[in-house]
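Structure assessment
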Amino acid sequence: MVAVPKYLFFKGCTIPAKLPHIEKLALDVLPLIGIELEECDTFSCCPDPVQVQGTNHAFWYAAAARNLAIAEEKGMDIMTLCNGCLNTLAVVNHKLKKNPELKKAVNEILKEVGKEFKGTIKVKHLMQVLKEDVGMDKLKTMVKKPLTGLKVAGHPGCHLLSPVEVLEFDNPLDPQIYDKFIEATGAKAIDYITKIDCCGVSLSLSGAKESNDKCISRKLIDAKGSGADAISTGCPFCFTQFDMGQIIAAKTVPQLKETQLPVLYAVELLALAMGRSFEEIGYGNHKIRPALKV
Amino acid sequence: MEIIKIKYEKDEIVGRHFTSEICYKCSACSKFCPITLHVPAYDLENSFVVHLYRAEREKALRDVWMCCSCEKCFNICPQDGDPAHVFVNLKETSYREGFAPESVYGLVNQLLNAGSAYVVSVSTNKGREKLGLKEIKANEGVVADLKKLAAKTDLKVKGGSGA
């Protein structure tokens, strides 16, 4: 078993409320590959890097820094399953570490809640932990049931890739690491033209429904047409776009009705590779759930 | 080549970012911007980025919320421009002046009431219980902290005077 540091589990808001089976899978399956998690009840919403960041920058920085300070008090690095949480916490962590004046200003605000940001911990997404701590080659040797025959289109998602100088995860214009994860599970990673296309979540959030449907459809039709049996992501917003969003988009984009491309969360794919059945990973909770053979 | 001039308060935004001054409308960002690609009002020549630089003030402040900060424009811009961060700043102005979508003001209310982004129903917690997970409930200490941070940073709640 690889020696991976224990991580403080930043669950975020979306997974516990909307996709609790993902939370459960992470707690059950990640220790099998050496990733131990500690839960924490005093985190708040990260808060999100798309909407809340735009409301009031000082509040966004301070709320994120409060979460970071909690982890610093425990002396533990943070791991999250959500691209949005990663982006907020990693960007704030990075910027406060690099900019003493900003750090001083945020700490002045944090005095209101008796916290201080010191810049002593790291923030990682599960995919970064797999890449940097476990290693994809090592992960491959730990897989119990290689997903041979399953063809998966990887969708790392925008907020896992940028800003690259902060996240240092992969090339945002030609990402490969998520494909390496797919290959480590034994599945075949499918390349497709729209791989780096955004899932379009802001179109959904801002009410641009038809545009949102077009965005989702373009990506899923391309992935399916490229040979994928499923698309996989490590972001709950992207997951929801491709799952529930696919059902909704199919009403306005007839070609999508035939597509029926299921989405598998990163930890679901991992759980399958560790021997869990589709029923055990909560596949029955998915809106799009054609039978898949592995 | 045309240099884009923005119509709204230049100093407010440009004072923080030089990006909008250096855009020469090459359309590189258009190929990746999900708004340009999928919203009929925009195309490769008239991208969402250029729209936000050029639009009348109120239109820009309303439309900016379609930006999801995917940063593809930043990654591809040959001028090392950073429209994504200009638009984050624009969102702040928009929110403060009441032009953000109602859902965003609702999200802030929710955060300050519960510490998390979603109202959690009884059925959600029943589902969690079935999975052997702890119930989600508002943590009073977390909520109190967020309200203090909101007050200190003057985060406005629409229709109210702040947290």
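A brief look at the structure comes next. Please read these numbers as outputs of a predicted model, since none were measured by experiment.

**Some words on the interface of chain B and chain A**
- The interface is formed by 52 residues belonging to chain B together with 58 residues belonging to chain A.
- Across the interface of chain B and chain A, roughly 4600 Å² is buried in total on both sides, 65% from carbon and sulfur atoms.
- By the criterion of area lost to chain A, the three top residues of chain B are H38(B), Y118(B) and L149(B), representing 15% of everything that side buries.
- Our count for the contact surface shared by chain B and chain A stands at four salt bridges.
- Of the charged contacts, one joins K152(B) and E112(A) as a salt bridge, the two residues approaching to 3.8 Å between their closest N and O atoms.
- Across the contact surface, chain B and chain A share 19 residue pairs in polar contact (both at pLDDT 80 or more).

**Some details on the side chain of D243(A)**
All names here are of chain A.
- Looking at the secondary structure, you find D243 in the loop between helix 13 (236–242) and helix 14 (244–249).
- In this structure the side chain of D243 is engaged in a polar contact, spanning 3.0 Å, whose partner is the backbone nitrogen of K287.
- Beyond its immediate sequence surroundings of up to four residues, D243 is in contact with V263, H286, K287 and I288.

**Considerations on the sheet that holds strand 7 (residues 230–233) of chain A**
All names here are of chain A.
- If you walk across this open sheet you meet the four strands as 6-5-7-8, and the pairing is parallel. If you trace the sheet from one side to the other, it starts and ends with strand 6 (188–190) and strand 8 (263–265), each paired once. If you compare each strand with its neighbour and ignore which way they point, the axes differ by 40° on average.
- Note: strand 7 against strand 8, three bridges, orientation parallel. Its bridge partner lying in strand 8, S232 is registered against L264.
- Packed on one face of the sheet, helix 10 (residues 177–184) meets strand 5 (151–155), strand 6 and strand 7 and runs near 150° to strand 5.

**Re the nonpolar core**
- The biggest cluster of nonpolar side chains holds 150 residues, and the ones touching the most others in it are L30(A), I35(A), M79(A), L130(A) and F181(A).
- With 10 residues, the single largest contributor to this core is helix 3 (residues 57–74) of chain A.
- Residues V50(A), C158(A), C68(B) and C70(B) belong to the second largest nonpolar core, which totals five residues.

**Observations concerning the pattern of salt bridges**
- All told, the structure shown has 21 salt bridges over all chains when counted by the stated rule.
- Close ionic contact of K134(B) with D41(A) constitutes a salt bridge, the shortest N to O distance being 3.6 Å. Linking K134(B) in the loop between helix 9 (122–130) and helix 10 (140–152) with D41(A) in the loop between strand 2 (37–38) and helix 3, this pair reaches from one chain into another.
- K124(A) is paired through a salt bridge with D133(A); the nearest N and O atoms lie 3.2 Å apart.
- Judged by its relative accessible area of 8%, K124(A) falls in the buried class.
- Using a relative accessible area of 21% as the deciding quantity, one classes D133(A) as partly exposed.
- Look at the salt bridges and you will find they share partners, linking K11(A), E23(A), E39(A) and R128(B) into a network.

Rules behind the numbers
- Residues numbered from 1 in each chain as written.
- Chains lettered and ligands numbered in written order.
- Predicted model: local features only at pLDDT ≥ 70, side-chain atom pairs only at ≥ 80, totals over all residues.
- Heavy atoms only, no water.
- Contact = heavy atoms within 4.5 Å.
- Buried area = accessible area lost by both parts, 1.4 Å probe.
- Salt bridge = Lys/Arg side-chain N within 4 Å of Asp/Glu carboxyl O.
- Polar contact = N/O pair within 3.5 Å; in protein donor to acceptor, adjacent residues only side chain to side chain.
- Helix = DSSP H or I, 4+ residues; strand = E, 2+ residues; numbered from the N terminus.
- Pairing = 2+ DSSP bridges.
- Axes fitted to C-alpha atoms, helices over the stretch in contact; angles between N-to-C directions.
- Core = buried A, V, L, I, M, F, W, Y, C linked by side-chain atoms within 4.5 Å.
- Buried < 20%, exposed > 50% of the residue type's maximum accessible area, 1.4 Å probe, protein only.

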